[in-house]
Amino acid sequence: MIEVKNVGKSYDGNPVLERLNVTVQEGEFVTLVGASGCGKSTFLKMLLGTESPTSGELLLDGKPIADEPGPDRGIVFQQYSVFPHMTVLENVMAAVGFAQRGLTGYLFGSKRKQARLDAEAILKEVGLGHALKKYPHELSGGMKQRLAIAQALLGKPRILLLDEPFGALDPGIRADMHELVLRLWQEHKLTIFMVTHDIKEGFHLGTRLWVFDKLRHDPHAPQAYGATITYDLPIDHRARQPAPQTTEQTIAPLLAEAAS
Ligand SMILES: Nc1ncnc2c1ncn2[C@@H]1O[C@H](COP(=O)(O)OP(=O)(O)OP(=O)(O)O)[C@@H](O)[C@H]1O
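Residues numbered from 1 in each chain as written. Predicted model: local features only at pLDDT ≥ 70, side-chain atom pairs only at ≥ 80, totals over all residues. Heavy atoms only, no water.

## Let's talk about the packing of helix 4 (residues 141–153) against helix 5 (residues 171–187)
Inference 1: Contact geometry of helix 4 with helix 5 gives a least axis separation of 10 Å together with a crossing angle of 15°. Taken together, the axis directions place helix 4 and helix 5 in an arrangement best described as roughly parallel. The handedness of the crossing between helix 4 and helix 5 comes out as right-handed. Contact residues: helix 4 offers Gly142, Gln145, Arg146, Ile149 and Leu153, while helix 5 offers Ile173, Asp176, Met177, Leu180, Val181 and Leu184.
Inference 2: Residue composition of the contact of helix 4 with helix 5, grouped by class: seven nonpolar, two polar and two charged. (Axes fitted to C-alpha atoms, helices over the stretch in contact; angles between N-to-C directions. Helix = DSSP H or I, 4+ residues; strand = E, 2+ residues; numbered from the N terminus. Parallel < 35°, antiparallel > 145°, perpendicular 65-115°, else oblique. Left-handed = near helix turned anticlockwise from the far one by under 90°. Contact = heavy atoms within 4.5 Å. Nonpolar A, V, L, I, M, F, W, Y, C, P; charged D, E, K, R; others polar.)

Structure, rendered in structure tokens:
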């Protein structure tokens, strides 16, 4: 479904990513780990369509990914911005309006009624059914991310991109969010790409874990080469067991080394 063929990405002539070659099938849950600044978010942005590859091809169903975000791809960031003067329900309805009418955004009559029903349904699904009338400043971190996920799912995307969505949350809340994401992944038959700095989270959620790192280094020119996918590990979740210690023990020092 997604083919990444020899993709490279540079900014101002400095390579960030190079020689990416992978294929991802519908329904996979790919987790991305790697040192800070090695290009994980850049890869997500190329899938979203807000950045394009400098070289190579990024194909969705055999066609180049459109160079603008579309309803088939939703994204959730670690920090999320909402309209502070609107309630949870109004924020989601506004997103429906923008999706349907562009920046003028306001819906009338039966369309507005339908938007409200859709917004209420998705908010219930992400566990915010009790918080429709709350304002953003009244929400906890976990509730804000639930709202972000609701917005991302509104266009009924096939692909959900998660850029460290739970990085700022406490462990207990994270566990609840993991449950939510796994449920939505299954119920909506999503293909998910999720960046995380937490390797345990990567193993726990993913059906496949990618490690981004540089294969080539020039000590005199640290910007000379980009990162690539150095490990592509399938994860067997039939029992949703914790990651096998041996694999985790192999990868963790590599990440620590790459980060130093
Ligand atoms: N629009 C841009 N213009 C120039 N350089 C950029 C741009 N976006 C990202 N970069 C650079 O590309 C590199 C990769 O950034 P990216 O955010 O993709 O890394 P990352 O692996 O997601 O990092 P982190 O884990 O810290 O979020 C960084 O050196 C960053 O400064």
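From this point, the narrative continues.
## Comments concerning the pattern of salt bridges
Inference 1: Scanning the entire structure with this criterion turns up 11 salt bridges.
Inference 2: Salt-bridge contacts for Arg208 lead to Asp232; the nearest nitrogen and oxygen are separated by 2.8 Å. With Arg208 in strand 9 (residues 208–213) and Asp232 in strand 10 (residues 228–234), this residue pair connects regions lying 24 residues apart in the sequence.
Inference 3: The class for Arg208 is buried, based on a relative accessible area of 12%.
Inference 4: What you see here is one network of salt bridges that share partners, running through Glu26, Asp61 and Arg158. (Salt bridge = Lys/Arg side-chain N within 4 Å of Asp/Glu carboxyl O. Buried < 20%, exposed > 50% of the residue type's maximum accessible area, 1.4 Å probe, protein only.)

## Side note on the sheet that holds strand 8 (residues 191–195)
Inference 1: The sheet built from six strands is open, its strands ordered 6-7-8-3-9-10 with mixed pairing. Looking at the sheet topology across the chains shown, the edges are occupied by strand 6 (73–77) and strand 10. If you compare each strand with its neighbour and ignore which way they point, the axes differ by 15° on average.
Inference 2: Inspection of the sheet shows strand 3 (residues 29–34) paired to strand 9 by five bridges, in the parallel sense. Considered in strand 9, the bridge of Thr31 is made with Leu209.
Inference 3: Against the sheet, helix 1 (residues 40–48) touches strand 3, strand 6, strand 7 (159–163), strand 8 and strand 9, its axis set at about 155° to strand 7.
Inference 4: Relative to strand 6, helix 4 is tilted by about 165°, and along the sheet it contacts strand 6 and strand 7. (Pairing = 2+ DSSP bridges.)

In short, the description is geometric, and any link to function would need to be established separately.
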